[in-house]
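Understanding the architecture of this molecule
Below, each chain spelled out in residue letters.
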Amino acid sequence: MQQNEFKRRRKQLMQQVGKGNIAIIASAQIRPRNRDVDYPFRQDSDFYYLTGFNEPDALAVFIPGRRQGQYILFCREYDAKKALWEGAHSGLEGATGDYAADDSFPIDDVDDILPGLLENKEKVFYPMGRDSDLDHRLFEWLNRIRGQSRTGIRAPAEMVSLEHVLHEMRLFKSAAEIKLMRRAAEVSAKAHVRAMQNCRPGLYEYQIEAEIVYQFMREGLRSAAYPAIVAAGENACILHYTNNMDKLRKGDLLLIDAGAECDHYAADITRTIPVSGKFSAVQKLLYQLVLDAQAAAIEQVKPGAPWNSAHDASVETLTRGLRDLGLLHGRLSKLIKEEKFKQFYMHRIGHWLGMDVHDVGDYQVDNQWRLLEPGMVLTIEPGLYIAADCGSVDAKWRGMGIRIEDDVLVTQDGCEILSKAAPKEIADIENLMRAG
Ligand code: GLY
Ligand code: MN
Ligand code: MN
């Protein structure tokens, strides 16, 4: 992502924050995994969105209209010994030179400098309650200013949620963001193809996970957007299954939910395939129903459509299909009204997708479902999960979990499926697996 993109975002943020006010956001921190080993560092999405700065121990401050500089970055000072052991870091000069901060200061000086920047500001925009360390320090800085009130200095009177402003910006993806999301989706689709080609009875779920991670890594996408779900047979009925330790058995379905992250942007794709390479007649019926529900939902993704239209379309298709196949009994309208589908389809159609896999952005505005607009990206992921012990249906249906999930960009005149390179038609999957 180019620096210009981050500059544009900061400009937009400054306009929203307004003169006389201040915004503060902290980087993510390194978290210990065990002795002398840390979890891989992942920058806070909001912080990265505004700064492009990929280091811990940093704090960004935005002061619209400040003559000496509007964008101030606190970060670690350059330390040659640290660079030798841990690799390069920007230092104060890098913060202004490479990351276009107007001014930079050592993070260790933040307690001395920040109160001065807060003086006489009206509102403080910051991510309230997200980082207890920042919450705590902010109140200390404010108290320090309040202590000087007799000198005429005023402390800010209002706290405003920075997320409210920022997440609305993040909901609309720019051309540069779409490019990264397209790449994340393309690489993830390739990983799903690789999984299909390598799938066979007798392997273990983790061996399929290995194929997926291998494909991400060899394309330079070293992080998955979330831990892969590789769930064979009835494991697929556990929505957040990540144990991935069971054996793949002939005759079972395999649900794979996996997506890569490309420069902080996620893909989120699910495919469900037959372990042996061929769907049974019963599996075909249920699979095709989920696929039809997905097509009906995607049909609803266009500018001006309310967010829930896609969900409602999936509910109607799935409920009708379940009734036609004999898993539900009764009148369609009554089954939908009484939400009888929920025992088999217990989640919603999808979610916003972006820097976070379950991305930010309101789903409702003024108590109304939001209308889709170009630049929004969402997942469309209907599923059916028939528990192994589901007594209300014929035994032939039990122990199957099917989900089909794609990443969909709202365009000017409809939508584009970013993840379309991962096959999902029955014949396409079977052909690919036969060749594999
Ligand atoms: N992979 C998480 C989800 O599908 O929402
Ligand atoms: Mn998913
Ligand atoms: Mn999803």
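Presented here is a report on the structure given in the accompanying data block. (Residues numbered from 1 in each chain as written. Chains lettered and ligands numbered in written order. Predicted model: local features only at pLDDT ≥ 70, side-chain atom pairs only at ≥ 80, totals over all residues. Heavy atoms only, no water.)

When helices and strands are tallied, the chain shows 13 helices and 21 strands. Overall size of the chain, expressed as C-alpha extent along the three principal axes, is 80 × 50 × 40 Å. Buried positions account for 53% of the 436 residues belonging to the chain. Of the contacts formed within the chain by residues at least 6 apart in sequence, a portion of 70% connects residues at least 24 apart. Side chains of the chain give 55 positive and 63 negative charges; the mean places of these two sets differ by 3 Å. (Helix = DSSP H or I, 4+ residues; strand = E, 2+ residues; numbered from the N terminus. Buried < 20%, exposed > 50% of the residue type's maximum accessible area, 1.4 Å probe, protein only. Contact = heavy atoms within 4.5 Å. Lys, Arg positive; Asp, Glu negative; His and termini not counted. Charge placed at Lys NZ, Arg CZ, Asp CG, Glu CD.)

Right, let's get into the site of ligand 1. Looking at ligand 1, the residues that line it are Tyr226, Asp257, Asp268, His351, His358, Glu381 and Glu405. Protein chains shield 85% of the accessible area of ligand 1, which is 200 Å² for the free molecule. Broken down by class, the residue content of the shell around ligand 1 amounts to 1 nonpolar, 2 polar and 4 charged. (Near = heavy atom within 4 Å. Areas by Shrake-Rupley, 256 points an atom, 1.4 Å probe, with all protein chains shown as cover. Nonpolar A, V, L, I, M, F, W, Y, C, P; charged D, E, K, R; others polar.)

A few words on the coordination of the manganese ion (ligand 2). Every protein donor of the manganese ion (ligand 2) is accounted for by Asp257 (OD), Asp257 (OD), Asp268 (OD) and Glu405 (OE), and the metal-donor separations fall at 2.0 to 2.3 Å. Around the manganese ion (ligand 2), the 6 donor atoms are arranged such that angles at the metal cover 57 to 168 degrees; this shape is classified as irregular. Counting along the primary sequence, the residues that act as donors to the manganese ion (ligand 2) give the motif D-x10-D-x136-E. Here the manganese ion (ligand 3) and the manganese ion (ligand 2) are spaced 3.3 Å from one another, each receiving a donor from aspartate 268. Of this pair, aspartate 268 sits in the loop between β13 (265-266) and β14 (269-274) while glutamate 405 sits in the loop between β19 (400-403) and β20 (406-410), and the two are 137 residues apart along the sequence. Judged by its relative accessible area of 0%, glutamate 405 is buried. (Donors = N, O, S within 2.8 Å, 3.2 Å for Na, K, Ca; no water. Tetrahedral: all angles 85-135°; square planar, octahedral: opposite > 155°, others 65-115°.)

Looking now at helix α9 (residues 205-218). Taking 1.5 Å as the rise per residue, α9 with 14 residues should run 20 Å; its terminal C-alpha atoms sit 20 Å apart, in good agreement. Taken together, the buried positions of α9 are Glu205, Ile208, Glu211, Ile212, Gln215 and Phe216. On an axial view of α9, the arc spanned by its buried residues comes to 135 degrees, and they lie on one face. Phi turns positive, to about 90 degrees, at glycine 220, one or two residues after α9. (Expected span 1.5 Å × (residues − 1). Arc of directions from axis to C-beta.)

Pairing in this open sheet of 3 strands is antiparallel, and the strands run β17-β20-β21 from one edge to the other. Every other strand in the sheet has two partners, leaving β17 (377-380) and β21 (415-417) as the edge strands with one partner each. Adjacent strand axes in the sheet meet at a mean angle of 30 degrees, parallel and antiparallel pairs treated alike. Across 3 bridges, β20 lies against β21 in antiparallel orientation. Looking at the pairing, valine 410 lines up with cysteine 415 of β21. (Pairing = 2+ DSSP bridges. Axes fitted to C-alpha atoms, helices over the stretch in contact; angles between N-to-C directions.)

Turning to the packing of helix α8 (residues 175-198) against helix α13 (residues 426-435), a few remarks are in order. Relative orientation and spacing of two packed helices are given, respectively, by the angle between their axes and the distance between those axes. Between α8 and α13, whose axes approach to 7 Å, the crossing angle comes to 60 degrees. In terms of their interaxial angle, α8 and α13 are classed as oblique. Regarding α8 and α13, the two cross each other, and that crossing is right-handed. Residues Val193, Met196 and Gln197 of α8 pack against Ile429, Leu432 and Met433 of α13. Tallied by class, residues from the contact of α8 with α13 come to 5 nonpolar, 1 polar and no charged. (Parallel < 35°, antiparallel > 145°, perpendicular 65-115°, else oblique. Left-handed = near helix turned anticlockwise from the far one by under 90°.)

Our focus in this paragraph is the coordination of the manganese ion (ligand 3). The protein atoms that coordinate the manganese ion (ligand 3) are Asp268 (OD), His351 (NE2), Glu381 (OE) and Glu405 (OE), at distances spanning 2.0 to 2.2 Å. Since its relative accessible area comes to 4%, aspartate 268 is described here as buried. Residue histidine 351 is classed as buried on the basis of its relative accessible area of 9%.

A word on unusual backbone geometry. Most peptide bonds take the trans configuration, and most residues that are not glycine carry a negative phi. The backbone of histidine 264 shows a phi angle near 80 degrees, a positive value even though the residue is not glycine. As for its position among the elements, histidine 264 is in the loop between β12 (260-262) and β13. Its identity as a non-glycine residue notwithstanding, aspartate 366 has a phi of 50 degrees, on the positive side. Its place among the elements puts aspartate 366 in the loop between β15 (364-365) and β16 (368-369).

A regular strand places its side chains so that they alternate between the two faces of the sheet. With 6 of its 6 residues buried, strand β11 (residues 253-258) lies for the most part within the structure. Alternating residues of β11 divide into Leu253, Leu255 and Asp257 and Leu254, Ile256 and Ala258, and every residue in both groups is buried. In the sheet, strand β10 (residues 229-232) pairs with β11 via 4 bridges, with the strands oriented antiparallel. Residue alanine 232 lies in a different strand from β11, and its bridge partner there is leucine 254. By the bridge criterion, 6 bridges tie β11 to β14 in an arrangement that is antiparallel. When the sheet's bridge partners are listed, aspartate 257 is paired in β14 with threonine 270.

At their nearest, the axes of α8 and α9 sit 8 Å apart, and the two run at 145 degrees to each other. Note that α8 runs across α9; the crossing there is right-handed. The residues of α9 that touch α8, namely those facing Val187, Ser188, Lys190, Ala191, Arg194, Ala195 and Asn198, are Ile208, Glu211, Ile212, Tyr214, Gln215 and Phe216. Across the contact of α8 with α9, the residue classes tally to 7 nonpolar, 3 polar and 3 charged.

We now examine the environment of threonine 96. Position of threonine 96 relative to the elements: it lies in helix α4 (residues 91-97). Overall, the relative accessible area of 31% leaves threonine 96 in the partly exposed class. Remark: the alpha-carbon pair of threonine 96 and leucine 73, spanning 23 residues in sequence, is separated by 8.1 Å. Those residues in contact with threonine 96 that lie beyond four places of it in its chain are Ala101, Asp102, Asp103 and Ser104.

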